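A structural walkthrough
What follows is each chain in one-letter form.
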Amino acid sequence: MNRLATLSEEPLNEEDSAANCSKKALTWRNWLKNHFPLLFNKKSDLKILLSVLGCPLFPVSVHPEQPFTEVSSSAQYIIQHFTAATGCRKLEGVIKNMYATGKITMVMVDETSKPGRPNGMSQKGCFVMWQMVPNKWLIELVVGGHKVAAGSDGNVAWRHTPWLGAHAAKGGVRPLRRAIQGLDPVTISAVFSTAQYMGEKRIYGLDCFVLKLSADHTDLVDRSDNTAEMIKHVMFGYFSQRSGLLAYLEDSYLTRIQSPGSRPMYWETSMGTKVEDYRSVEGTMIAHSGQSNVIITQFGDNLKAGPAIARMEETYTIDDLAFNVPGLSMDSFIPPEEVQKDYPQENLDWRSPLHG
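Residues numbered from 1 in each chain as written. Predicted model: local features only at pLDDT ≥ 70, side-chain atom pairs only at ≥ 80, totals over all residues. Heavy atoms only, no water.

The name that an unreviewed UniProt entry assigns to the protein is Lipase, with the source organism given as Olea europaea subsp. europaea.

Examining the environment of Met132
Note on placement: Met132 falls in strand 2 (residues 123–132). Assessed through its relative accessible area of 13%, Met132 is described here as buried. The spatial distance from the C-alpha of Met132 to the C-alpha of Phe323 is 9.8 Å, given a sequence separation of 191 residues. (Helix = DSSP H or I, 4+ residues; strand = E, 2+ residues; numbered from the N terminus. Buried < 20%, exposed > 50% of the residue type's maximum accessible area, 1.4 Å probe, protein only.)

Section: the packing of aromatic side chains
Tallied over the entire structure, the rule returns nine aromatic pairs. Judged by centre distance (5.6 Å) and plane angle (80°), the ring pair of Phe82 and Phe239 falls under edge-to-face. In this pair, Phe82 sits in helix 4 (residues 73–86) while Phe239 sits in strand 9 (residues 228–240), placing the two residues 157 residues apart along the sequence. Comparing Phe82 with Phe239, the two get one shared label, buried. Taking 5.7 Å as the distance between ring centres and 55° as the angle between the ring planes, the aromatic pair formed by Tyr204 and Tyr248 counts as tilted. Of this pair, Tyr204 sits in the loop between strand 7 (196–203) and strand 8 (206–214) while Tyr248 sits in strand 10 (residues 246–257), and the two are 44 residues apart along the sequence. (Phe/Tyr/Trp six-rings, centres within 6.5 Å; stacked < 30°, edge-to-face > 60°.)

Quick look at the nonpolar core
Counting 66 residues, the largest nonpolar core has Ile139, Phe192, Phe239, Met312 and Leu321 as the members making the most contacts within it. The dominant element in this core, judged by the number of residues it contributes, is helix 3 (residues 45–53), at six residues. Leave out the neighbours within four places in its chain, and Ile139 touches Gly54, Cys55, Phe127, Val128, Met129, Val148, Ala149, Ala150, Leu176 and Arg178. In this structure, Met132, Leu138, Val156 and Phe333 belong to the second largest nonpolar core, which totals twelve residues. (Core = buried A, V, L, I, M, F, W, Y, C linked by side-chain atoms within 4.5 Å. Contact = heavy atoms within 4.5 Å.)

Some details on the side chain of Thr284
Residue position: Thr284 is located in strand 12 (residues 284–299). Given the relative accessible area of 0%, Thr284 is considered buried. Residues in contact with Thr284, not counting those within four places in the same chain, are Thr86, Gly87, Cys88, Lys90, Leu91, Pro185 and Arg279.

Focus on unusual backbone geometry
Cis geometry is adopted by the peptide bond preceding Pro134, which originates at Val133 and carries an omega value of -5°. One can find Pro134 in the loop between strand 2 and strand 3 (136–143). Backbone geometry at Tyr204 places phi at a positive 50°, although glycine is not the residue there. Judged by its relative accessible area of 48%, Tyr204 falls in the partly exposed class.

Some thoughts on the pattern of salt bridges
Counted under the stated rule, the structure contains nine salt bridges. A salt bridge links Glu314 to Arg178; its shortest N-O distance comes to 3.0 Å. With Glu314 in strand 13 (residues 308–323) and Arg178 in helix 5 (residues 177–180), this pair connects stretches of sequence that are 136 residues apart. Exposure remark for Glu314: the relative accessible area of 2% places this residue in the buried category. A salt bridge links Arg279 to Asp277; the shortest N-O distance between them is 2.8 Å. (Salt bridge = Lys/Arg side-chain N within 4 Å of Asp/Glu carboxyl O.)

Here is the structure:
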């Protein structure tokens, strides 16, 4: 069986049908090389929106027992303030799983028009997400008649789209970014426990402390291959000085693409998410809405017209969230059959590259 294409956090060519990809799985790198103008093709909007906004991953893995001695006293104070503000400390060791449902609206934004003006029709949909300790998660989104799913069984992360089938991820197991958007305060405190304190910044009228996380060199190498090099993936968390709650997430990743005999191209995706509407769920403060803005930029010496830019937005609300859902088991997180065949659990080494 041929090796599956790598999990993509980037747009994919609308013309690549599922039938073609069953013979030869095409990654976003092939699309990027030849078809970046499709970002401005309205017929491609929905697939691009789902590829970029649907289920991106956090830049770093969760390490449950990271010592505070590795971080500054300022960062330690910010995390302790956050855990106290959310009340999540009492969940540790008690909560085994969680469930959330919500509604989403996605839209492409015209870069040449007034800020926030849509470039196409808004795409509305819904999602459901499950998580189980440790490192297991599953999300299903249905938007505009298309269903996208992604998950992790604790050993391998994957994604399935109707136009490309199932894809396995490179690198170590990472949490779903959507869960870090105020839905899972226990994981938020864990991933930011060794963050670097960057100072203070005012955003959306809030005075915030800023913490920074970066994927290390080993992870970046694991997520690269012969033609695509992941140069950086950084995340900034903005925590309100007043409430202690996470108010904003901002991340950016940069990839260098170069095929033999061609000049390199660079692909940068920046995403910022406003996290708000915190409400108490079983005594824990959970964010129930937010808005994400994405800017995708392609640049390089071979682009005579200069950098190509696309923008998109998402708003979301949480309808329901519950902890310790009865009946949820490890079987709920089994990857699709194609992923199981290509990456058998007993042979998987998350410290080595998974070649595409």
